[in-house]
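Each chain, letter by letter, is given below.
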Amino acid sequence: MGKDSIDEADLRVHGPEDHAAGVTAVAVSMKRAVGHMGVKNTAKTLLKLNQADGFDCMSCAWPDPDPENRHAAEFCENGAKAVAEEATKDRATPELFARYSIAELDAHDEYWLGQQGRITHPMVKRPGGTHYEPIQWDEANAIIAEHLTALDSPDEAIFYTSGRASNEAAFAYQLFVRALGTNNMPDCSNMCHESTSIALAESIGIGKASVSMNDVYQADVILIAGQNPGTNHPRMLSALEIAKRRGAKIIAVNPLREAGLHNFRNPQVPRGIVGKGTDIADLHLPIKINGDLAFFQAVGSLLVEWDALDHDFIDRHTTGFEQWAEHVRSVDWATVEHATGLSRELITQAAEMIRASSKTIYCWAMGLTQHRNAVATIKEVCNVAFARGDIGKPGAGLFPVRGHSNVQGDRTMGIWERPPQAFLDSLQTEFGFDPPREHGLDTVDSIRAMRDGKAHVFIGLGGNFVHASPDTAVTAEAMTKTRLTVQISTKLNRSHLRCGETALILPTLGRTEKDIRGGKEQFISVEDSVCAVHASRGVLDPASPHLRSETAIVCGFAEATLGDRYGIRWAAMRDDYDVIRDHISRVVVGCEEYTAKVDRPGGFVLPHPPRDTRTFQTESGLAEFVASPINVLEVPEGHLLLQTLRSHDQYNTTIYGKSDRYRGIEGGRRVVFVHPDDIAHLGFSDGDLVDLTARWDDDDIVRMAPDFRIVSYDTPRGTAAAYYPETNPLVPLDSTAEGSNTPTSKAVIISMAAADTSRTRHGSYDTQQPDDTDDGQDAEGSDEGHKKHPQPAHLS
Ligand SMILES: Nc1nc2c(c(=O)[nH]1)N[C@H]1C(S)=C(S)[C@@H](COP(=O)(O)OP(=O)(O)OC[C@H]3O[C@@H](n4cnc5c(=O)[nH]c(N)nc54)[C@H](O)[C@@H]3O)O[C@H]1N2
Ligand SMILES: Nc1nc2c(c(=O)[nH]1)N[C@H]1C(S)=C(S)[C@@H](COP(=O)(O)OP(=O)(O)OC[C@H]3O[C@@H](n4cnc5c(=O)[nH]c(N)nc54)[C@H](O)[C@@H]3O)O[C@H]1N2
Ligand code: SF4
Ligand SMILES: [Mo]
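Residues numbered from 1 in each chain as written. Chains lettered and ligands numbered in written order. Predicted model: local features only at pLDDT ≥ 70, side-chain atom pairs only at ≥ 80, totals over all residues. Heavy atoms only, no water.

In the annotation of an unreviewed UniProt entry, the protein chain is listed under the name FdhF/YdeP family oxidoreductase and assigned to Aeromicrobium endophyticum.

(A) Local environment of helix H26 (residues 550–562). Between its first and last C-alpha atoms H26 spans 18 Å; for 13 residues at 1.5 Å apiece the expected length is 18 Å, and the two agree. Burial of H26 is extensive: 11 of the 13 residues sit out of reach of the surface. Within the span of H26, buried status applies to Glu550, Thr551, Ala552, Ile553, Val554, Cys555, Gly556, Phe557, Ala558, Thr561 and Leu562. Immediately beyond the C-terminal end of H26, within one or two residues, lies glycine 563, with a positive phi of roughly 55°. (Helix = DSSP H or I, 4+ residues; strand = E, 2+ residues; numbered from the N terminus. Expected span 1.5 Å × (residues − 1). Buried < 20%, exposed > 50% of the residue type's maximum accessible area, 1.4 Å probe, protein only.)

(B) Representation of a nonpolar patch on the surface. Nonpolar side chains collect at one region of the surface, where Val23, Ile273 and Val274 lie side by side and expose about 300 Å² of accessible area between them. By the secondary structure assignment, valine 23 is in helix H1 (residues 23–46). Given the relative accessible area of 47%, valine 23 is considered partly exposed. (Patch = residues over 30% accessible without salt bridge, like charges linked within 9 Å, V, L, I, M, F, W, Y side chains within 5 Å. Areas by Shrake-Rupley, 256 points an atom, 1.4 Å probe, with all protein chains shown as cover. Salt bridge = Lys/Arg side-chain N within 4 Å of Asp/Glu carboxyl O.)

(C) View of the UniProt feature "domain: Molybdopterin dinucleotide-binding" (unreviewed entry) in the protein chain. Per the UniProt entry, the sites bearing "domain: Molybdopterin dinucleotide-binding" (unreviewed entry) are residues 640–748 in this numbering. Between the C-alpha atoms that bound residues 640–748 the distance is 8 Å, and the span itself is 6% helix and 37% strand. (UniProt positions renumbered as here; feature names shortened; annotations may be inferred.)

(D) Representation of the site of ligand 1 within the structure. In the vicinity of ligand 1 lie 32 residues, with Asn254, Glu258, Asp292, Gln650 and Asn652 positioned nearest. Contact distances for ligand 1 include 3.2 Å between a nitrogen atom and a side-chain N or O atom of asparagine 78. Taken by itself ligand 1 offers 920 Å² of open surface, and the protein chains cover 99% of this. Taken together, the elements giving at least two residues each to the shell around ligand 1 come down to helix H10 (229–232), helix H19 (366–369), strand S25 (640–645) and strand S26 (650–651). Here the shell around ligand 1 takes 3 residues from H19, the largest share from any one element. Partitioning the shell around ligand 1 into residue classes produces 12 nonpolar, 16 polar and 4 charged. Of the residues that make up the shell around ligand 1, three or more belong to each of domain 2 (194–405 + 618–623) and domain 3 (640–795). (Near = heavy atom within 4 Å. Polar contact = N/O pair within 3.5 Å; in protein donor to acceptor, adjacent residues only side chain to side chain. Nonpolar A, V, L, I, M, F, W, Y, C, P; charged D, E, K, R; others polar. Domains from an automatic or database assignment.)

(E) Inspection of the domain arrangement of the protein chain at higher detail. When the domains of the protein chain are assigned, the result is domain 1 (127–189 + 406–527 + 536–596), domain 2 (194–405 + 618–623) and domain 3 (640–795). Centre-to-centre, using C-alpha coordinates, domain 1 lies 32 Å away from domain 3. Listed per partner, the contact involves 23 residues of domain 1 and 24 residues of domain 3. Buried area between domain 1 and domain 3, summed over both chains or domains, comes out near 2000 Å², and the portion from carbon and sulfur atoms is 47%. When the area that domain 1 buries against domain 3 is broken down by residue, the three leading residues are His467, Asp471 and Ala473, summing to 27%. (Contact = heavy atoms within 4.5 Å. Buried area = accessible area lost by both parts, 1.4 Å probe.)

(F) Main features of a positive patch on the surface. Taken together, Lys40, Lys44, Lys89 and Arg91 make up a surface patch of like positive charges. Following the sequence through the fold, lysine 89 ends up in the loop between helix H2 (77–86) and strand S3 (91–92). (Lys, Arg positive; Asp, Glu negative; His and termini not counted. Charge placed at Lys NZ, Arg CZ, Asp CG, Glu CD.)

(G) Local environment of the nonpolar core. By size, the foremost hydrophobic cluster in this structure holds 59 residues, and its most contacted members are Leu148, Phe159, Phe176, Leu504, Leu506 and Phe557. The element contributing the most residues to this core is helix H7 (residues 167–180), with 9 residues. Apart from the residues within four sequence positions on either side, phenylalanine 557 is in contact with Asn141, Ile144, Tyr173, Phe176, Ile459, Ile488 and Leu506. By size, the runner-up hydrophobic cluster in this structure holds 54 residues, among which are Ile251, Phe321, Val336 and Ala385. (Core = buried A, V, L, I, M, F, W, Y, C linked by side-chain atoms within 4.5 Å.)

(H) Just the sheet that holds strand S10 (residues 263–265), in detail. With respect to topology, 3 strands assemble into an open sheet ordered S2-S10-S11, the strand pairing being mixed. Strands with a single pairing partner mark the edges of an open sheet, and in this sheet they are strand S2 (20–21) and strand S11 (278–279). (Pairing = 2+ DSSP bridges.)

(I) Broad picture of the environment of aspartate 582. Within the secondary structure layout, aspartate 582 lies in helix H28 (residues 577–587). With a relative accessible area of 39%, aspartate 582 lands in the partly exposed category. With 418 residues separating them along the chain, aspartate 582 and arginine 164 place their C-alpha atoms 22 Å apart.

(J) Fine view of the packing of helix H14 (residues 292–305) against helix H17 (residues 333–340). Two elements in contact, H14 and H17, have axes separated by 9 Å at closest approach and are oriented at 145°. Two packed elements cross with a definite hand, and for H14 against H17 that hand is left-handed. Only Trp333, Val336, Ala339 and Thr340 of H17 make contact with H14, whose side of the interface consists of Ala294, Phe295, Ala298 and Leu302. Of the residues in the contact of H14 with H17, the class split is 7 nonpolar, 1 polar and no charged. (Axes fitted to C-alpha atoms, helices over the stretch in contact; angles between N-to-C directions. Left-handed = near helix turned anticlockwise from the far one by under 90°.)

(K) Representation of the packing of aromatic side chains within the structure. Tallied over the full model, the rule gives 22 aromatic pairs. Three or more aromatic residues link up through ring pairs in this structure, and these residues are Phe313, Phe321, Trp324, Phe386, Phe616 and Phe625. In this structure, arginine 164 packs its charged tip against the face of tyrosine 651, placed 4.9 Å from the ring centre. The lysine or arginine in question, lysine 597, covers the ring of phenylalanine 604, its NZ or CZ lying 4.6 Å from the ring centre. (Phe/Tyr/Trp six-rings, centres within 6.5 Å; stacked < 30°, edge-to-face > 60°. Lys NZ or Arg CZ within 6 Å of the ring centre and 35° of its normal.)

Structure (structure tokens):
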């Protein structure tokens, strides 16, 4: 597959930009919006985007300012692109599915698939079929019911959720899954901020950010580690600009000098258009990939050495300080410098800024969470915050910036394979059945279960499981072994093509669209990164009359499967989301009077004990200092440590376009960014075409992604960067974070070899497709499948 795997003929490399946004951002937003939606719908949607009476941006989970402080244009370039992508006038109709077989569709890349437009009809692939064909909703629901009922145990089914689902859909979905009898609810969070959820739960008793937007404006110092806000949370730059104008200092901890961390030209104000913009980072630490645990520990060590500690907070609210202080006092600077690639002077400068600040906010995203030591690293961030008393006071706090726009809300609503017992108790009281208590499967374990023939049905509430998950070849193969896959989707993606024996595509309304049910206009609700929950109402007519909302789809197959088991009123919930919200009011802590509260302008903020009252519902009842050893990830000679990241023109596996303006890439995505000295050292030249190979010492599989152009780039020696999802075939399924099981997408040990141009060209991951992956090995003779190799040990 992937016609454009090698010949990204238009690829041009300009070198990175020194600022983010500016007038180009506005021009790009408008061009995309008008190109996809036309002038009328552009005006209709963009003016309602992120407004109190409009719809919530479906892109990232960055919070909105208070309703009275919102601009008329309260969105960014990437928000506009997300809207354009959903509200496009293009349609993937039954004719498209009749014209192309599944195999032919699979020959195209993710960009092409998305460009076919919105799916208009429920579609089915029947056993042995080569094409998708239209199907009626009732029959689709009957197929789901039949397959689920036929299982020996409900634990043989997997119910995935991507973080765009509304609170109402998520609540109904988890209710259905638990009434069926399983907690097999993997979600995109498992690949995203799971390390955060686990670390924070242990350190502060709740897995969410302890700050509000106003805190961001008031902070003295904002530290941003492992996050690229200019692309992935662009409106964060507006908030940082406000903070900076009030005197805040910003520290960026990032292997790359990302344009958005450098300078921001706010297109909403004149100085952003004609002026030089606002410099963002006062201090940039170009850390080596995976060096953050050592970095934060070194900062902690200096704070202890200087006695720059909030003793009052430490005495009253924390436990474990002495052991931690003892541990960091003996930090070995040579190890720190080796792990971080940073000098002691630079780290000291950062620590001095934190010492001088009476209120610091610590932000992080995937650069911290997708590592083997991610949970320990995030606990180390907490340690530093505790040492400074930076939690539960204005202008300070922990700020994991969430990805998908409602990923946090989905968790609040119970989408979790490890649900808290108290949540299950409330569910039991409300609905009168005893929900399953044992933990379910997360994303990685779900892949294993399907691969090993232990799970036979996969249902995805949004997302693109096949291409978002690690080890693409293994995941794709696992999916094709199932009896039934069901994808609730807006647009075509890889997961529709690497599917089960029977496969359903259930097309859904998106956020931009009006949702009329039971004769009235329904609204949905979402939660952002700072625990603010509010309503969202679409404005456009649905892309097709055959679409149903996610909530209606879930209630539909739930009723078909469970009938009136436990007396759950699926039809009532489907036709009036207030009925679901009444249940939420009684089941979810902090959501009393949910419908009324959520529908006020700006909604309401969920309780957060550490933020609100400095109370910590941990095992000890206190904020917990945790000491962790520093394990340096050693990369063997001849190899590089690869991080897989997002371009400025994609939303996860949805590719909007093939450029990455801020990093100076145009017209192609198969590039690998490498330091010029490493390029020379490894015997290559800038622009060479290479195959990337990854090895993982716990198995003997050689994973390969072909045909990447080397781009000389300012990344620390020994490290490399390339885009997700093209590089997902390189991420080993078993290489996950300790404690959270999150794939280590930011630390893959790779080597480069001159591209094998004699090979028949395939795209992205088909080259990984072994003849038979049953045991992860492939038949001899397959040119580029999984090959057995003796493995050097290279992780310490
Ligand atoms: N436009 C757009 N917006 C998005 C998304 C999108 O795809 N497109 N995705 C959404 C989702 S689901 C998420 S989770 C977020 C993701 O938001 P980010 O986490 O910002 O996304 P990534 O592109 O993965 O970028 C990771 C950043 O971490 C840095 N990094 C990599 N390894 C390390 C390390 O070891 N240490 C440190 N300190 N830094 C490191 C990289 O250089 C990069 O700047 O964005 C959300 N918003
Ligand atoms: N190598 C590598 N892998 C990664 C990451 C990485 O950094 N590197 N990041 C990980 C992270 S942070 C995440 S969150 C996951 C993302 O994993 P997913 O959430 O599974 O993937 P997405 O690409 O966001 O899903 C896109 C699909 O969602 C569907 N969709 C869009 N809008 C809607 C809607 O409103 N409703 C419904 N029902 N469907 C809709 C469309 O059909 C679209 O094709 O990927 C992870 N994988
Ligand atoms: S910052 Fe995120 S939520 Fe806000 S408009 Fe941009 S993409 Fe949408
Ligand atoms: Mo994410």
